[in-house]
Amino acid sequence: MTDDTGDDAGEDSGGDAPDDDATPDPDSSDADNISVDRFHEALEAEERPVATASEVARRLGTTQAAARDALAALVDRGDVDRLDVEADPVVFYPRDWGALASRERVVAFPKRREIVVDRPTQYTRARLSQFANLVDTTGTEPGTRGYLYRIRQEDVWAAPFDDADALVGALRSVLPRRFEHLEDWVRDQWRRAHRFRLSTHEDGYVVLTAASESLMGNVADQHLDDDHLRAPISDTEAWVNEGAVAEIKRALYDAGYPVEDDRDLETGDPVDIELTTDLRDYQETWVETFLDRKSGVYVGPPGSGKTVAAIATIAAVGGETLILVPSRELADQWREELLDHSTVDPGDIGLYHGGTKDISPVTIATYQIAGMDRHRSLFDSRKWGLICFDEVHHVTAPVYSRTAEFQSKHRLGLSATPVSETGSEEDIYTLIGQPIGADWDALFEAGFVQEPEVEIRYVPWRDELAQSEYAAADGRERRRLAAENPAKVEEIRYLLAAHRDKKALVFVEYLDHGREIADALGAPFISGETPHHERAELFRRFRAADSNAEDTESDDLDVLVVSRVGDEGIDLPNAELAVVASGLGGSRRQGSQRAGRTMRPTGSALVYVLATRGSSEEEFAQRQMRHLGRKGVRVRETNVAE
Ligand SMILES: Nc1ncnc2c1ncn2[C@@H]1O[C@H](COP(=O)(O)OP(=O)(O)OP(=O)(O)O)[C@@H](O)[C@H]1O
């Protein structure tokens, strides 16, 4: 990704001049009269929620001493608070910024292309979600509590507008004033995404069209070769080689020019299916957007109705469909959902996996099989009109290598992980489609889905050997084997990768297990045996970590593995994410005593609890879940695919 906006909301924008017109007012040199409003102006000019006295002085054109006195007066009056930052000057922030914002308050940070909104209205949120990415909804620094949006390249590229003017109009409608540099950048990004286009010639072959001769000459010639383009048709058009579409998209995307794909796609033989469930409004929007773009990824939290929206999409495309899923279990579930929510004839659904190999108008196959060479016929046997990738971040490299085959179809991905967090975003974006999402908060607020505080993830045994060892063991050994199920390591890795922006603590019950996980993650392990000074130093590095920072030089830590045994006395640093890898089990009495503490080990972090499926951990987890549920904690259960 060529985007350069990796910085976070709290970053110091240093001595750079602000983008726009927030220059000091020469008439304001009477610092005694700094009002809270003038202080707000200084903060906005600084593009930070807090400021030192020197910064305020510089912005308001006064001396540091005068600003300091004036700020002290505001502190005395209770309008402003101060914070002593270790080894740094004191910073000030408005005490009642949160309370003050009973109305919506929008603050733009144009250089970082970030927008912070306190108490946004439904309208503002809907608008912003069209061209910006919701990064955070809590904010940790005083004054930034609210919604943090960032406008990334790909958000602009995928924005659903007819032209750049309409997009800039939407931007202006939510910002407090005009930011010309930001608008210019948005226009530039928009232009980039509308410079190359793929279409179908009436004779059936694919044509690449550039918006100008020089683009074809410079960009296309530099990044594409004879393998991609067969022959020029005109100064701005070229005949695309068969099977080269995926590579062309990828190469031009890497060059910063996403390609518009307006080809006539295959629809295969018609399949007559009608939806029997009424779609919710947001699901309808998903499907309409998809049909418009002919490809895309529905991104929504678990339970938000992606599968149902996908079935609606299958019905709307009306052509033969291949559905790829990560596990056999999910293949069976998909079949049930299809039957529940549509009029599909059961005889038209085929399952294609290890056991059965039945290719039908609607075929459900696993990624594993779809990636195997000897199953190439799966792709060739029918003219699939739509390929649906469930849990799209599970798509494997061998499946991607079949992209030539599936580029000519409608492509739909489903994901509960924001695509930008999976690490394979470029592949997903270019080869499958752009994210089509709803505002997650709106979904939670409308009650369609509940935001969990604790999620229990049932992890399967890694293999039969591990499972039979468990079956043969007894008592304490049995519990240890369930706790140390080797498949948990992969699951922890997945969770950490899916939340790369969060600082995480991983809790374990057994020392050996802790060391093993720490080794696998390359993170330090802290137990009762860790000397106090070492522990304190590790916690300090963890507290200092800014998980968004790209800085690889610093010795900050954003993952720690911690033993749960003897942690009572440990003053744990606050984490944003906690993974309880083991610590479920024991007697019923012990169990209820440890409820809560096991499941909610740290502050307000999002907690994932891993329980081995088919072991006593499963039952324990369910008991805890009922316990927490009664206490009003929202708990969700998820089965991890095999
Ligand atoms: N439009 C709708 N009307 C009524 N119920 C719906 C609708 N859409 C989805 N549901 C129900 O909500 C539940 C979750 O839907 P679905 O399985 O489609 O979600 P999902 O986003 O695919 O979830 P997951 O990520 O867990 O697979 C299901 O029980 C489904 O029947």
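Above this note sits the structure.
Bear in mind the structure is a predicted one, so any value in this text is a computation, not a measurement. Along each chain, numbering runs from 1 in the same order as the chain's sequence is written. With the structure being a predicted model, the display of local features is reserved for residues of pLDDT at least 70 and the display and counting of side-chain atom pairs for 80 or more, all residues being used for whole-chain, interface and lining totals. Heavy atoms throughout the structure, all of them, feed into the side-chain values; hydrogens and water do not.

1. A word on the pairing of strand β23 (residues 559-563)
Then step 1. Using a 1.4 Å probe on the protein chains alone, a residue whose accessible area is under 20% of its type maximum counts as buried, one over 50% counts as exposed, and one in between counts as partly exposed. Helix and strand definitions follow DSSP, with helices as H or I runs of at least four residues and strands as E runs of at least two, each counted in order from the N terminus. Of all five residues making up β23, five are buried, and the element is well covered by its neighbours.
Then step 2. Side-chain alternation along β23 places Val559, Val561 and Ser563 on one buried face and Leu560 and Val562 on a second face that is also buried.
Then step 3. DSSP bridges decide pairing: two strands pair if at least two such bridges lie between them. Sheet topology places strand β21 (residues 504-508) next to β23; five bridges connect them, and they run parallel. Residue pairing for β23: Ala504 is matched across the bridge by Val559.
Then step 4. Across two bridges, the pairing between strand β22 (residues 525-526) and β23 is parallel. For Ile526, the partnering residue across the bridge sits in β23 and is Val562.

2. Structural notes on the nonpolar core
Then step 1. As used here, the term nonpolar core means buried Ala, Val, Leu, Ile, Met, Phe, Trp, Tyr and Cys residues forming a set that is joined through side-chain atoms within 4.5 Å. Residues Tyr298, Ile323, Trp334, Leu338, Ile364 and Leu412 are the most contacted members of the largest nonpolar core, which totals 32 residues.
Then step 2. For this core, the elements supplying multiple residues, two or more each, are α11 (281-293), α12 (306-317), β14 (321-325), α13 (328-341), β15 (349-352), β16 (362-366), β17 (386-389) and β18 (410-415).
Then step 3. The element contributing the most residues to this core is α12, with eight residues.
Then step 4. Counting 25 residues, the second largest nonpolar core, distinct from the first, contains Tyr147, Leu167, Leu171 and Leu175.

3. Examining the packing of helix α1 (residues 36-46) against helix α2 (residues 53-60)
Then step 1. Their axes nearest at 9 Å, the elements α1 and α2 cross at an angle of 95°. When the axis of α1 is compared with that of α2, the two are roughly perpendicular. Where α1 abuts α2, its residues Arg38, Phe39, Ala42, Ala45 and Glu46 lie against Glu55, Val56, Arg58, Arg59 and Leu60. Angles run from 0 to 180 degrees between N-to-C directions of axes, and those axes are lines fitted to C-alpha atoms, restricted for helices to the stretch in contact. Orientation labels follow simple angle bins: below 35 degrees gives roughly parallel, above 145 gives roughly antiparallel, 65 to 115 gives roughly perpendicular, and whatever is left gives oblique. Between two residues, a contact is recorded if the distance between any of their heavy atoms is within 4.5 Å.

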